[in-house]
Amino acid sequence: MEHEAVIGLEIHAELNCATKMFCDCPNRIGDEPNLNTCPICLWFPGSVPKFTADALEKAALTAMGLNCTIQDRSAFDQKVYYYPDLPKGFQLSQAHLPLARNGWLDIAGEDGQPRRLRIHKIHMEEDVAKLVHEMEGRTPISLVDFNRAGVPLVEIVTEPDMRSPHDAMEFIRALRTQIRYLGTSECSMESGSMRVDANISMRPRGTDQLNTKVEVKNMNSIRHLGDAIVYEISRQTASLVAGEPIVLHTRLWDPEKRATVAMRGKFEGPCIPDPMVPQIVVTEAWKNEMLAKLPEMPGRKADRFGRQYGLTREEALAMSAERDVSEYFEAVVNRQVAPRTATHWIAAQLLPTMRERNQSFTDTPVTPARFAGLLTLLERDAINANAAREVLARLFESEQTPETIVERYGYRQVSNADQLEGIVDQVLAANPAAVNDYRNGVAKAMGFLVGQAMQASKGKANPKLIREILTGKL
Amino acid sequence: MQTDAFTYLDPSPSVWGHDSVMSPEQGPLAGKSLTIQPSLSVRGWPADAGSVALKGFVALEDATVIERLKKAGATLVGTSRMSELGLGLAGDTTGRILSEGRSDMALMTDMMGEARIIAARVGAFAFKPSNGTVSRFGLIGLAPSMECLGILARAPEDIVAVMGIMAGDDDRDFSMCGSEAPRFDHVTESDDSIKVIGFMKEPIETLSEAEVRAFRGCLDRLEKSGFRIREVSLPDYDLFRSVHHCIGAVEASSSCGKYDGVRYGHRTAAAKNWNDMYLKTRAESFGALVKAYLFQGAYFQFENYGAFENACRIRARLVKAINGLFAEVDALAFPTRSGSIREVSAEDMEGLYDDFVLTLPANVAGVPAVQIPGYCTDGNADYGLQIIGPRLSDGPLLSLAVRLSKMGT
Ligand SMILES: [Zn+2]
């Protein structure tokens, strides 16, 4: 019997609110341990949690950006468990009445066809403290850092719609794109601002039964998520073939062993309604206010880029997938640069150089204005493509305008016909073999001759004119 | 030998006056003394809520109500001795402090009727406000949805004055009721908005002969004073007790999760590992009655969640039923306490609930209740007259208390 995998994901994303969820402490996890704490997030006696509007707004925007329906009434529950990272004995979460339900994201399936993956619900939750295990001499000690306690999270629970590691990885990529667009979370699995758990079960292909699932945790990159699912599918398939039952449990991905390892039984406590935090009731007017704050999301933006700027589908997707790229692209295009030139130069030159230099759009010296200036020089034939690449490198190094760089370093393209004819004559005289080849119908000999002429001009010649003159003379 | 009635006395009651807006001589509560429980936070005061679990804990900030009382010039005398975490009244000295005249007023957590019962025992007035009227910031509680701060005083006017200061929105407690909050500046004996007083027939059936005699006599007196008296019925009345017990225990079990002995309170002397430390610390920290309550709460949380959900549903139904009664009558009268006065033994959870069976419905429904002495009497025994009103009718209820105190004996 052939089996297929049934995969659902549970994603925790930290919201980038200025404060924690139930107090005014700064939401900065990396600070000196226990710096960002107060009686509320230390859960001292007599403190009263104070739900912040910012957390609600960012959570609602996230849910709307993932096509979910915000529920008119939602409420916090106490998720009861006892562990040193949670000294009050319960975590405030929304178990019974979540903030939002019924969302979806589209991905490209393995066959390239679009696939819609459903989101079951999205709820708000406070993060717990962080445990740090150290040695004090020869005694193992555990330290608790409360900077993370009370940090606002959303938990996104999908339907079990995924069938392969590809689906799960694409879903997380799409989710990350959407949320980064919304600007509500950094969504980095590497830094822990996004944590993904996968629930995996197997069933005979073609049936719709839901069998006992195994939860896999501790993947800190999209690649690890894929690897862990691959491993788990083969592990469970082997069990099925051997006739062993699948038992409900949690496993941890071990990136060193490249395997999942069973974890000791996790205690699932009850959830009771919290008697301190009031229920959240949202009005239509508030929902409309939130809708108005939603940015244009990548799917719609890609459609518009195709329509408005005449980009191919692939180009439109490349320019719209990240919000900062899309905004940069439009800022360049608004400065009268041809959209396809902008696309090509952003994708092929700007982004790779920024990556090499470890820069982001917020800190790169190559502003849209300077970049557009460079492309305008290129489009007006004032410089050629070779020179443009070199000018770009200098834009990263100095504050000068592209025009100044072109003049100072002599990148201006030679378009003077007399000068170019002289060069062409020299090249023809020096390369009789190539001339012969061309005349005998070897088309690529032209390319060689153009190259020789460009070299003779130290790269400054206008390649279009060179080609014209060459064609005329041959 | 009698233990001292106070667990802490303010060594220099005038010292904190420096951060008051008004000096104690000027404020509206100038010259009025208040005793509180060590479950209400006063910056720098011990706040152990009567439990070893919080032994040595000193409050970091003033509770919102304390901040307001200080500004109004009230004198905070100190903290009374209280039962562990306010569960039951074993060892409570609030009544003694009031009857010995060592304080004009007292504040205590009212989770099932504690303030009203104590006041009835010593012939004083007590008031339990509507839920959402008085901030809970700084109150070390046990069952948040059941409890609020109760006030005891010898004169109802003092309660009105204190409520006027303590009540009102607090940006540190979002469960406050906001714009519909009751006001206390129009509370006078001339306010006669309560005209029809009802009484439920179901609780009467559980009273002793002497108690029934006292309560009937009380209703007669009210009728002669011009009130209309009407008998009403709430067939589910006996469910108030079960609902309170189940929900109260579950909430207590959750709220007490934070007492782990790590950051404050008692910590066990020797433990093998952290799990062992938690278990031993908690075993050593809580007394038998609290332990029994927490176990019952944990039972519903972990083993019988369905029963807890039912209790929540029944609670909603009871609130609806009692609101239905308030469409027929302006207020409802009960005796405050039954005749027996006893110290509840640690194991006797049912005995604890027996003592509060007449007062806990107001806590379950979140409605205001006032205890009035001198009306529900039989010979020398004063069982106390308890009147409860619709939610947020705190003002009219206190007007009634003032009016009855003037008509009094
Ligand atoms: Zn805090």
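The numbering scheme is per chain: residues are counted from 1 as the chain's sequence reads. As they are written, the chains are lettered A onward and the ligands numbered 1 onward, keeping that order. Local features in this predicted model are restricted to residues whose pLDDT is 70 or higher, and side-chain atom pairs enter the listing and the counts only when it is 80 or higher, whereas totals over whole chains, interfaces and linings include all residues. For side-chain calculations, the full set of non-hydrogen atoms in the structure is used, while hydrogens and water are omitted.

Colleague: Help me understand the overall build of chain A, please; the structure alone is not making it clear to me.
Modeller: Runs of E in the DSSP output that reach at least two residues are strands. Runs of H or I that reach at least four are helices, and both are numbered from the N terminus. The number of helices and strands found in chain A is 15 helices and 16 strands. Our radius of gyration is a C-alpha quantity, and the globule rule it is checked against amounts to 2.2 Å times the number of residues to the power 0.38. Over its C-alpha trace chain A gives a radius of gyration of 29 Å, far above what one expects of a compact globule, namely 23 Å for 474 residues. Here's how the labels work: a residue is buried when its accessible area is under 20% of the maximum for its type, exposed when over 50%, partly exposed in between, all with a 1.4 Å probe on protein chains only. Sorting the 474 residues of chain A into buried and exposed places 52% on the buried side. Contacts are assigned to residue pairs that have any heavy atoms within 4.5 Å of one another. In chain A, the share of contacts with a sequence separation of at least 24, taken over all contacts with a separation of at least 6, comes to 69%. Looking at chain A as shown, the accessible area adds up to about 22400 Å², and 50% of this sits on carbon and sulfur atoms. The convention is simple: Lys and Arg are positive, Asp and Glu are negative, and His and the chain ends are not counted. We put the charge of a Lys on NZ, of an Arg on CZ, of an Asp on CG and of a Glu on CD. Looking at chain A, you have 56 positive and 62 negative side-chain charges, and the mean spots of the two groups are 2 Å apart. Areas reported here follow the Shrake-Rupley algorithm with a probe of radius 1.4 Å; residue values treat only the protein chains shown as occluding.

Colleague: I keep staring at the overall build of chain B and nothing clicks. Help me out?
Modeller: Counting its regular elements, chain B contains 13 helices and 13 strands. When its C-alpha atoms are laid out on the principal axes, chain B stretches across 70 × 55 × 50 Å. Split into buried and exposed, the 409 residues of chain B put 58% on the buried side. Long-range pairs, those at least 24 residues apart, make up 78% of the contacts in chain B between residues at least 6 apart in sequence. For chain B, the accessible surface area stands at approximately 15500 Å², while carbon and sulfur atoms represent 52% of it. A distance of 1 Å separates the average location of the 41 positive side-chain charges in chain B from that of its 52 negative side-chain charges.

Colleague: I would appreciate a short explanation of the pairing of strand β3 (residues 75-80) of chain B in the present structure.
Modeller: The side chains of a regular strand alternate, first on one face of the sheet and then on the other. Residue and element names in this part refer to chain B. Summarising burial for β3: five of the six residues are buried, a large majority. Across three bridges, strand β1 (residues 6-9) lies against β3 in antiparallel orientation. Paired with leucine 9 across the strands is glycine 78, a residue of β3. Two strands qualify as a pair provided DSSP detects at least 2 bridges between them. Pairing of strand β2 (residues 33-36) with β3 involves four bridges; the strand directions are parallel. By the bridge assignment, threonine 35 is partnered in β3 with glycine 78. Viewed along the sheet, the connection from β2 through helix α1 (residues 64-71) into β3 turns out right-handed. Looking down the strands as they point away from the viewer, one classifies a crossover as right-handed if the path from the first strand across the helix to the second runs clockwise.

Colleague: It is not clear to me how the packing of aromatic side chains should be interpreted in this structure. Could you clarify?
Modeller: Describing an aromatic ring pair means giving the distance of the ring centres and the angle of the ring planes. Residue and element names in this part refer to chain A. Classification of ring pairs rests on two measures: the distance between centres of Phe, Tyr or Trp rings, Trp counted by its six-membered ring, which must be within 6.5 Å, and the angle between planes, read as stacked under 30 degrees, edge-to-face over 60 and tilted in between. A full pass over the atoms with the stated rule returns 20 aromatic pairs over all chains. For the pair phenylalanine 22 and phenylalanine 76, a centre-to-centre distance of 5.2 Å together with 75° between the ring planes defines the contact as edge-to-face. Residue phenylalanine 22 is located in the loop between β1 (3-14) and α1 (53-65), and its partner phenylalanine 76 is located in the loop between β3 (73-74) and β4 (77-80); the two are separated by 54 residues in the primary sequence. Phenylalanine 22 sits in the buried class, given a relative accessible area of 3%. Chaining the aromatic ring pairs together yields one cluster made of Phe22, Phe51 and Phe76. Look at NZ for Lys and CZ for Arg. If either is within 6 Å of the ring centre and within 35 degrees of the ring normal, a charge sits over the ring. Of note, arginine 116 hangs over the ring of tryptophan 104, and the distance from its end group to the ring centre comes to 3.5 Å. Between the NZ or CZ atom of arginine 394 and the centre of the ring of tyrosine 409, over which it lies, the distance is 3.8 Å.

Colleague: Looking at this structure, I do not really get the side chain of A:Lys287. What am I missing?
Modeller: All names here are of chain A. Tracing the backbone through its elements, the reader meets lysine 287 in helix α4 (residues 284-293). Taking relative accessible area as the criterion, lysine 287 reaches 12% and is therefore assigned buried. In this structure lysine 287 touches Met64, Ile70, Asp72 and Val282, once residues within four positions along its chain are discounted.

Colleague: How do you make sense of the environment of B:Trp45 when you look at a structure like this?
Modeller: All names here are of chain B. Along the polypeptide, tryptophan 45 turns up in the loop between β2 and α1. Separated by 289 residues in the primary sequence, tryptophan 45 and phenylalanine 334 place their C-alpha atoms 37 Å from one another. Contacts of tryptophan 45, omitting those with residues within four sequence positions, involve Tyr8, Asp10, Ile36, Phe57, Val58, Ala59, Leu76, Val77, Gly78 and Thr79.

Colleague: Honestly, the pattern of salt bridges in this entry has me stumped. Any pointers?
Modeller: Pairing between side chains of opposite charge can happen when their charged atoms approach one another. Residue and element names in this part refer to chain A. Within this document, salt bridges are pairs made up of a side-chain nitrogen of Lys or Arg and a carboxyl oxygen of Asp or Glu, the two lying within 4 Å of each other. Applying the stated criterion to the full structure yields 49 salt bridges over all chains. Notably, a salt bridge pairs lysine 293 with glutamate 57, separated by 2.9 Å at the nearest N-O pair. Residue lysine 293 is located in helix α4, and its partner glutamate 57 is located in helix α1; the two are separated by 236 residues in the primary sequence. For glutamate 57, a relative accessible area of 22% gives the class partly exposed.

Colleague: What exactly am I supposed to notice about the nonpolar core here?
Modeller: One finds B:Met163, B:Met166, B:Leu332, B:Leu385 and B:Ile387 to be the most contacted residues of the largest nonpolar core, which totals 136 residues. Leave out the neighbours within four places in its chain, and B:Leu332 touches B:Gly198, B:Phe199, B:Met200, B:Val232, B:Ile322, B:Leu325, B:Phe326, B:Gln386, B:Ile387 and B:Ile388. Ranked by size, the runner-up nonpolar core spans 66 residues in total, among them A:Met64, A:Phe171, A:Ala174 and A:Cys187. We define a nonpolar core as any set of buried Ala, Val, Leu, Ile, Met, Phe, Trp, Tyr and Cys residues linked to one another through side-chain atoms lying within 4.5 Å.

Colleague: Could you clarify how one ought to interpret the side chain of B:Ser393 in this entry?
Modeller: All names here are of chain B. In this structure, serine 393 sits in the loop between β13 (385-388) and α13 (394-407). Of the residues examined, serine 393 reaches a relative accessible area of 13% and is grouped as buried. Not counting chain neighbours up to four residues away, the residues in contact with serine 393 comprise Ser130 and Pro368.

Colleague: Would you mind showing me how to read the domain arrangement of chain A here?
Modeller: For an interface, size is often stated in terms of accessible area lost upon the parts coming together. All names here are of chain A. Annotation comment: domain bounds sourced from an automatic or database domain assignment. Here the domain parsing of chain A yields domain 1 (3-286), domain 2 (296-409) and domain 3 (417-473). If you average the C-alpha positions of domain 1 and of domain 2, the two centres end up 37 Å apart. The interface is formed by seven residues belonging to domain 1 together with nine residues belonging to domain 2. What counts as buried area is the accessible surface, traced by a 1.4 Å probe, that two parts surrender upon association, with contributions from both included. Both faces considered, domain 1 and domain 2 share a buried interface measuring about 630 Å² in area, 57% of it formed by carbon and sulfur atoms. Taken as a group, Thr177, Gln178 and Tyr181 account for 80% of the area that domain 1 buries against domain 2, more than any other trio of residues on that side.

Colleague: Just checking my understanding: could you explain the packing of helix α12 (residues 417-430) of chain A against helix α15 (residues 463-473) of chain A for this structure?
Modeller: Between two packed helices, both the angle of their axes relative to each other and the distance between the axes serve to describe the pair. Residue and element names in this part refer to chain A. At a minimum axis separation of 10 Å, α12 and α15 run at an interaxial angle of 55°. One finds that α12 runs oblique with respect to α15. When you trace α12 past α15, the crossing you get is right-handed. Of the residues in α15, those touching α12 at Ala417, Leu420, Glu421, Val424, Asp425 and Leu428 are Leu465, Ile466, Ile469, Leu470 and Lys473. Of the residues in the contact of α12 with α15, the class split is eight nonpolar, no polar and three charged. Axes here refer to lines fitted to C-alpha atoms; in helices the fit is confined to the stretch in contact. Angles between the N-to-C directions go from 0 to 180 degrees. Our angle categories are set so that under 35 degrees counts as roughly parallel, over 145 as roughly antiparallel, 65 to 115 as roughly perpendicular, and the remainder as oblique. Should the near helix be turned anticlockwise from the far one by less than a right angle, the crossing is termed left-handed; should it be turned clockwise, right-handed. Amino acids outside the nonpolar list (Ala, Val, Leu, Ile, Met, Phe, Trp, Tyr, Cys, Pro) and the charged list (Asp, Glu, Lys, Arg) are all regarded as polar, and Gly is one of them.

Colleague: How do you make sense of the interface of chain B and chain A when you look at a structure like this?
Modeller: Contact residues are listed per partner, giving 32 residues for chain B and 31 residues for chain A. Counting the contacts that link chain B with chain A gives zero salt bridges. We call two N or O atoms a polar contact when they sit within 3.5 Å, provided that within protein one can donate a hydrogen and the other can accept it, with sequence-adjacent residues counted only if both atoms are side-chain atoms. Linking chain B with chain A are six residue pairs in polar contact (both at pLDDT 80 or more), by the criterion used here. Counting only elements with at least two residues in the side of chain B that touches chain A, the list comes to α7 (239-255), α8 (274-285), α9 (288-303) and α10 (305-328) of chain B. Considering each element in turn, the side of chain B that touches chain A owes the most residues, four residues, to α7(B). Split by residue class, the side of chain B that touches chain A holds 16 nonpolar, seven polar and nine charged.

Colleague: Honestly, the coordination of the zinc ion in this entry has me stumped. Any pointers?
Modeller: Around a metal, the idealised angle for a tetrahedral arrangement of four donor atoms is 109.5 degrees; for an octahedral arrangement of six donor atoms it is 90 or 180 degrees. The rule for donors is simple: N, O or S, within 2.8 Å of the metal, or within 3.2 Å if the metal is Na, K or Ca. Water isn't counted, so a site may look like it is missing partners. Coordination of the zinc ion by the protein is provided by A:Cys23 (SG), A:Cys25 (SG), A:Cys38 (SG) and A:Cys41 (SG), with metal-donor distances spanning 2.3 to 2.4 Å. Working rule for geometry: tetrahedral if four donors all subtend angles between 85 and 135 degrees; square planar for four, octahedral for six, if opposite donors exceed 155 degrees and the others stay between 65 and 115; irregular in every other situation. Here the zinc ion is ringed by four donor atoms whose angles at the metal span 102 to 113°, and the overall shape comes out tetrahedral.

Colleague: For this particular structure, what's the right way to read the sheet that holds β13(B)?
Modeller: Two modes of strand pairing occur in sheets, parallel and antiparallel, and in both the strands are linked by backbone hydrogen bonds. Residues and elements named next belong to chain B. If you walk across this open sheet you meet the eleven strands as β1-β3-β2-β4-β6-β5-β10-β13-β9-β7-β8, and the pairing is mixed. This sheet does not close on itself; its edge strands, each paired only once, are β1 and β8 (228-232). Taking each pair of neighbouring strands and ignoring which way they run, the sheet shows an average axis angle of 25°. Pairing analysis gives four bridges linking strand β9 (residues 331-335) to β13, with the strands arranged antiparallel. Across the sheet, the residue bridging to proline 335 is leucine 385, located in β13.

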